[in-house]
Amino acid sequence: MLYVAHCLDKPGHAAVRAENRPAHLEFLKKHTGQIVIAGPLLSDDGQQMVGSLFILEFDNRAAVDGFLKSDPYAKAGLFASVDLRPWRKVIERD
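Residues numbered from 1 in each chain as written. Predicted model: local features only at pLDDT ≥ 70, side-chain atom pairs only at ≥ 80, totals over all residues. Heavy atoms only, no water.

Enquirer: I keep staring at the overall build of the protein and nothing clicks. Help me out?
Expert: Across its full length, the protein carries three helices and four strands. The order of α-helices and β-strands along the protein, N terminus first, is β-α-β-β-α-α-β. Computed over the C-alpha atoms, the radius of gyration of the protein is 13 Å, within 12% of the 12 Å expected from 2.2 N^0.38 for a compact globule of 94 residues. Considering only C-alpha atoms, the protein reaches an extent of 35 × 30 × 20 Å along its principal axes. Split into buried and exposed, the 94 residues of the protein put 31% on the buried side. Restricting the contact set of the protein to residue pairs at least 6 apart, pairs at least 24 apart contribute 68%. Here the protein has roughly 6300 Å² of accessible surface; of this, 53% comes from carbon and sulfur atoms. (Helix = DSSP H or I, 4+ residues; strand = E, 2+ residues; numbered from the N terminus. Rg over C-alpha atoms; globule rule 2.2 N^0.38 Å. Buried < 20%, exposed > 50% of the residue type's maximum accessible area, 1.4 Å probe, protein only. Contact = heavy atoms within 4.5 Å. Areas by Shrake-Rupley, 256 points an atom, 1.4 Å probe, with all protein chains shown as cover.)

Structure follows, in structure tokens:
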């Protein structure tokens, strides 16, 4: 099943993001089989990272929850909120 995780950073936590980014990227590399697509959410001017967006494929929600809680960003307390929803792909660009 596919899931979308929309994660917003706590205000004023750019340093926490920067400090944990290398560990976060290494963590993601270990889970490429479950990551359909992932990347940072940006500020309106496109200059600052303000969160993360994932489309993930896992068997169940408990597995997704475990993945998200194991992310170094989550462990560092970066996220103010994480919205997780099941998702279905309907249209894809050619």
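Enquirer: What's the story with the pairing of strand β2 (residues 35–42) in this structure? I'm lost.
Expert: Across a regular strand the side chains alternate sides, sitting on one face of the sheet and then on the other. Pairing geometry for β2 and strand β3 (residues 49–57), over seven bridges, is antiparallel. Bridge pairing links Pro 40 to Ser 52 in β3. Hairpin connection of β2 to β3: six residues between the antiparallel strands, including Gly 46 at a positive phi of 75°. (Pairing = 2+ DSSP bridges.)

Enquirer: How should I be thinking about the packing of aromatic side chains in this particular structure?
Expert: Describing an aromatic ring pair means giving the distance of the ring centres and the angle of the ring planes. Enumeration over the complete set of coordinates arrives at four aromatic pairs. Pairing Tyr 73 with Phe 79 gives two aromatic rings, centres 6.1 Å apart and planes at 90°, and the pair type is edge-to-face. Overall, the relative accessible area of 0% leaves Tyr 73 in the buried class. The class for Phe 79 is buried, based on a relative accessible area of 14%. Counting every residue linked through ring pairs, the aromatic cluster contains Phe 27, Phe 54, Phe 58 and Phe 67. (Phe/Tyr/Trp six-rings, centres within 6.5 Å; stacked < 30°, edge-to-face > 60°.)

Enquirer: I'm lost on the nonpolar core in this one. Help?
Expert: For soluble globular proteins, nonpolar side chains are generally found buried alongside one another. Among the nonpolar cores identified, the biggest contains 16 residues, and Phe 54, Leu 56, Val 64, Phe 67 and Leu 68 are the most heavily contacted of them. Those elements that place two or more of their residues in this core are β1 (2–9), α1 (14–29), β3, α2 (61–70) and β4 (79–87). For Phe 54, the residues in contact, after removing those within four places along its chain, are Tyr 3, Val 4, Ala 5, Cys 7, His 24, Leu 28, Ile 37, Ala 38, Leu 68 and Asp 71. (Core = buried A, V, L, I, M, F, W, Y, C linked by side-chain atoms within 4.5 Å.)

Enquirer: I tried to follow the sheet that holds β3 on my own but got confused; where do I start?
Expert: Strand pairing in a sheet is mediated by backbone hydrogen bonds. Such pairs are either parallel or antiparallel. Overall, antiparallel pairing links the four strands, which are arranged β2-β3-β1-β4 in an open sheet. Looking at strand neighbours, the two that pair on one side only are β2 and β4, the edges of this open sheet. Averaged over all pairs of adjacent strands, the angle between strand axes in this sheet comes to 15°, irrespective of strand direction. Strands in contact with α1 are β1, β2, β3 and β4; relative to β3, the strand with the most contacts, it is inclined by about 15°. (Axes fitted to C-alpha atoms, helices over the stretch in contact; angles between N-to-C directions.)

Enquirer: I keep staring at the environment of Lys 89 and nothing clicks. Help me out?
Expert: With respect to the element layout, Lys 89 can be found in the segment after β4. Since its relative accessible area comes to 45%, Lys 89 is described here as partly exposed. Sequence separation between Lys 89 and Tyr 3 is 86 residues; the distance between their C-alpha atoms is 10 Å. Looking at Lys 89, its side chain comes within polar contact range of the side chain of Glu 92, at 3.0 Å. (Polar contact = N/O pair within 3.5 Å; in protein donor to acceptor, adjacent residues only side chain to side chain.)

Geometric values such as these leave the question of function open.
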